[in-house]
Amino acid sequence: MHKNRIRIILKHIMQIIAVLMLGALIIPIPVHRKYDAVEIKIDDPSYLVSCQVEIRGQYHWNILTSDMFEGQIIIPDYELTSNRMSNVYFSDEGWPLEYYISGSNVNGPAIGDSIFLGRFYSKPWFNQMVITVYGENKGLEGNQGGWSTVDGYCIVPLAKNRDEAMKILLKHGLINEDKIH
């Protein structure tokens, strides 16, 4: 009698867990957060700019594949981040932050273009977040298409100083340990 009761309880617990897991796959979770952040330049220890990163949208927690975020990641110092953004997946390799710019041409029909701010790296639920900023977004002449591990710019939410930011970059494998002073 006692063993049957335990089996029934365990069966109900497993059913509840299965429903919660399935619900998490289907139901987006609303997110609205503001993070204090620092912007650093890898090769310039004196470059440290305080900024904020605002996240608004829906987090899609997924047990079977990568988590996904649908919404906006806004950095007030970067005007392009106020435009509509593509979905972001939480991947170890990072995910491009793509923003859509819309307008119209001379004849009137709508046209669209997209601009990549950089790449987004984060553990699930926006833990240890890093945004590497592509060279053209910082006005660099010689670095027009990507991010450099030598002299690249990074925005690191939740870091209070350069050392904390560099440690987070190291955890993501974006820099080598010899870069940390």
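About the thresholds
Residues numbered from 1 in each chain as written. Predicted model: local features only at pLDDT ≥ 70, side-chain atom pairs only at ≥ 80, totals over all residues. Heavy atoms only, no water. Helix = DSSP H or I, 4+ residues; strand = E, 2+ residues; numbered from the N terminus. Buried < 20%, exposed > 50% of the residue type's maximum accessible area, 1.4 Å probe, protein only. Contact = heavy atoms within 4.5 Å. Areas by Shrake-Rupley, 256 points an atom, 1.4 Å probe, with all protein chains shown as cover. Salt bridge = Lys/Arg side-chain N within 4 Å of Asp/Glu carboxyl O. Phe/Tyr/Trp six-rings, centres within 6.5 Å; stacked < 30°, edge-to-face > 60°. Polar contact = N/O pair within 3.5 Å; in protein donor to acceptor, adjacent residues only side chain to side chain. Arc of directions from axis to C-beta. Pairing = 2+ DSSP bridges.

Novice: Please clarify how the overall build of the protein chain should be interpreted in this entry.
Specialist: For the protein chain, the count of helices and strands is 2 helices and 9 strands. Along the chain direction, N to C, the helices and strands of the protein chain fall in the order α-β-β-β-β-β-β-β-β-β-α. Looking at the protein chain as a whole, 37% of its 181 residues are labelled buried. Sequence-distant contacts in the protein chain: of pairs separated by 6 or more residues, those separated by 24 or more amount to 44%. Looking at the protein chain as shown, the accessible area adds up to about 10900 Å², and 56% of this sits on carbon and sulfur atoms.

Novice: How do you make sense of unusual backbone geometry when you look at a structure like this?
Specialist: Excluding glycine, a negative phi dihedral is what most residues carry, and trans is how most peptide bonds are arranged. A positive phi is found at F126, a non-glycine position, where the angle reads about 65°. Checked against the element boundaries, F126 lands in the loop between β7 (110–123) and β8 (127–133). Phi at Q128 takes a positive value of approximately 50°, unusual for a residue other than glycine. In this fold, Q128 is placed in strand β8. Among the residues examined, Q128 registers a relative accessible area of 26% and is labelled partly exposed.

Novice: Before we go on, may I ask you to explain the pattern of salt bridges in this structure?
Specialist: For side chains of opposite charge, pairing can occur when their charged atoms come near one another. Evaluation of the coordinates by the stated rule reveals 2 salt bridges. For the salt bridge of K41 with D43, the shortest nitrogen-to-oxygen distance reads 2.7 Å. Of the charged contacts, one joins R56 and E54 as a salt bridge, the two residues approaching to 3.6 Å between their closest N and O atoms. When its relative accessible area of 36% is taken as the criterion, R56 is described as partly exposed. Look at E54 and you get buried, because its relative accessible area is 15%.

Novice: Looking at this model, I keep getting lost on the packing of aromatic side chains. Mind explaining?
Specialist: For any two aromatic rings, the description comes down to two numbers: the centre-to-centre distance and the angle of the planes. Inspection of every chain in the model, using the stated rule, returns 9 aromatic pairs. Summarising the aromatic geometry, the rings of F90 and F126 are spaced 5.3 Å apart at their centres and angled 70° between planes, so their arrangement reads as edge-to-face. Here F126 lies in the loop between β7 and β8 and F90 lies in the loop between β5 (88–89) and β6 (95–104), a separation of 36 residues in the sequence. You'll find F90 and F126 in the same group, each marked buried. Taken together, Y59, F69, F90, F120, W125 and F126 form an aromatic cluster joined through their ring pairs.

Novice: Honestly, the side chain of K41 in this entry has me stumped. Any pointers?
Specialist: One can find K41 in strand β1 (residues 29–41). In this structure the side chain of K41 is engaged in a polar contact, spanning 2.7 Å, whose partner is the side chain of D43.

Novice: I would appreciate a short explanation of helix α2 (residues 162–171) in the present structure.
Specialist: Since there are 3.6 residues in each turn of an α-helix, residues three or four apart along the chain are aligned in direction. Listed as buried for α2 are R162, A165, M166, I168 and L169. One side of α2 carries all its buried residues, which in axial view fall inside an arc of 160°. Along α2, the residues that are exposed and aim more than 90 degrees away from the buried face are K167 and K171. Close packing links the buried residues of α2 with β1, β2 (44–60), β8 and β9 (153–157).

Novice: Can you walk me through the pairing of β8 in this structure?
Specialist: Each regular strand shows side chains that alternate between the opposite faces of the sheet. Among the 7 residues that make up β8, 5 are buried, leaving the element largely enclosed by the rest of the structure. Relative to β9, β8 is paired through 3 bridges, and the arrangement is antiparallel. Residue T132 lies in a different strand from β9, and its bridge partner there is C154.

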